[in-house]
Amino acid sequence: MEFHRVIRARSSLRAFSQRPVEPEKIERMLEAARRSPSCGNRQPWRFVVVGADAPSRAAVEGALDAGNAWAKRAPVLIVTGARREDAAVVESRDYFLLDTGMALMSLLYRAVDQGLLAHPMAGWKEAPLRAALGLPEEFTPAAVVAVGYAGSAGDLDEATRKKDEKPWARKPLGELAFRSRWGEPFGAALPDRPAKVYETEVQLRFGDTDAMGHVNNAKVVTYLELGRIRFFIDVMGAERVEDIRFILAEVSCRYRIPILLHDRVFVRMHITDVHRSSFRFRCELFDPRDGRVFVEAETVQVMYDYATGRPVPVAPDFLARARDYIGG
Ligand SMILES: Cc1cc2nc3c(=O)[nH]c(=O)nc-3n(C[C@H](O)[C@H](O)[C@H](O)COP(=O)(O)O)c2cc1C
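Since we're looking at a predicted model, the values are computed, not measured.

1. Regarding the pattern of salt bridges
(1) Moving on: In the structure shown here, the tally under the stated rule is 33 salt bridges.
(2) Moving on: Salt-bridge contacts for E31 lead to R34; the nearest nitrogen and oxygen are separated by 2.8 Å. You can see E31 and its partner R34 sitting in helix α2 (residues 23-34), three residues apart, about one turn around the helix.
(3) Moving on: A salt bridge links D273 to R280; its shortest N-O distance comes to 3.6 Å.

2. Re the nonpolar core
Nonpolar side chains tend toward joint burial in soluble globular proteins.
(1) Moving on: Counting 32 residues, the largest nonpolar core has F231, F232, I259, I271, L285 and F318 as the members making the most contacts within it.
(2) Moving on: Examining the composition of this core, we find that five residues originate from one element, helix α8 (residues 217-234), more than from any other.
(3) Moving on: Apart from residues no more than four positions distant in its own chain, L285 is found in contact with V220, Y223, L224, I259, V265, F266, V267, R292, V293, F294 and V295.
(4) Moving on: Grouped together as the second largest cluster of nonpolar side chains are 22 residues, W70, A74, M121 and F139 included.

3. Some thoughts on α8
(1) Moving on: Compared with an ideal rise of 1.5 Å per residue, which puts 18 residues at 26 Å, α8 spans 26 Å between its outermost C-alpha atoms and is within 8% of the ideal.
(2) Moving on: Those residues of α8 not exposed but buried are V220, Y223, L224, G227, R228, F231 and F232.
(3) Moving on: For α8, the elements touching its buried residues are β7 (198-202), β8 (246-255), β9 (265-274), β10 (278-286), β11 (293-305) and α9 (316-322).
(4) Moving on: The residue sitting at the N-terminus of α8 and contributing the capping side-chain oxygen is N216; that oxygen lies 3.0 Å from the backbone nitrogen of A218.

Thresholds applied
- Per chain, the residues get numbers from 1 upward, laid out in the order the sequence is written.
- Per-residue local features of the predicted model are confined to residues with pLDDT of at least 70, and side-chain atom pairs are confined, for both listing and counting, to 80 or more; whole-chain, interface and lining totals are unaffected and use all residues.
- The side-chain values count all of the structure's non-hydrogen atoms but skip hydrogen atoms and water molecules.
- Here, a salt bridge means any Lys or Arg side-chain nitrogen found within 4 Å of an Asp or Glu carboxyl oxygen.
- Starting at the N terminus, helices and strands are each numbered in turn, a helix being any DSSP run of H or I of at least four residues and a strand any DSSP run of E of at least two.
- Take the buried residues of types Ala, Val, Leu, Ile, Met, Phe, Trp, Tyr and Cys, join any two whose side-chain atoms come within 4.5 Å, and each joined set is a nonpolar core.
- Partly exposed residues are those whose accessible area sits between 20% and 50% of the maximum for their type, while under 20% is buried and over 50% is exposed, using a 1.4 Å probe and protein chains only.
- Only heavy atoms enter the contact rule, under which two residues are in contact if any of them lie within 4.5 Å.
- The span you would expect from a helix comes to 1.5 Å times its residue count less one.
- Two N or O atoms count as a polar contact when they lie within 3.5 Å, although within protein this holds only if one can serve as hydrogen donor and the other as acceptor, and sequence-adjacent residues are included solely when both atoms are side-chain atoms.

Note that all results are geometric; they support no functional claim without further evidence.
Dropping the structure here:
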């Protein structure tokens, strides 16, 4: 999954299905945690993975607060924490919990990346948790993480369901981030979504379909190219092939629904980020009649000098013309 999707998809929902989690998915989560940064590279984090059949499972469940009873349905519970003496102390600042938090975040994102739900919890009693897992005295447990596939909200009791239905809430950036000095407004400039999204229709041809009657997946990449070129003509004012001054560096597609010959297909696209020499389009192929999205895609273009065969910086006139289409 693209990273921006992982960030957006992560949430601490509480309805778990009882579908078992493949052991390799848990291993990949632990591997992601292992790669996390830590102060002085001390890697103080430790994890105890408690599966549904583990002898310690009932005792770990018994340590959960009543308000976290929903977590008992999760096929895997992971307990994480660290020992203070395994981590760096700078002046009088202890880094063991910060390091562990970073590793936990990597673990959560890798879970989401693999289609899993992972919900961290602080609501448990320490003494029974220690006893359940035989945790060393110097070890500080920091969180229990419920891991599994998302289930149906209908399986939750009413109070828990209401928690899951609460709208997503975050403080505004201006409250969290300052520029230069504490209290000085950061002045966020990135629009949450672009002012405009470019749309153009794609004409399907009979020859685009395969033996199953679906538009072939390779054709979809050509449809994206068509959108890109039209964007350069309509928005950037390209008149000749020399005005199309990029080279394609990356394409990723998520095929959600097969495209059939009788579908009407539009491509809509905008720019999500611009770097020194490259920019990224986020695109969707959709049917404007009913809003069905067939394909979600991203492409990365590198501005390129075809004469020298080298990347060149994104030009100010490009940014000026594309401005309304940048965001989100
Ligand atoms: C360290 C930590 C402890 C948490 N403890 C609990 C908990 O005991 N029970 C619970 O239902 N949610 C718990 N949460 C989840 C938070 O309530 C949740 O992250 C927050 O409401 C933001 O929602 P989101 O994760 O869906 O973005 C915890 C989260 C963290 C990071």
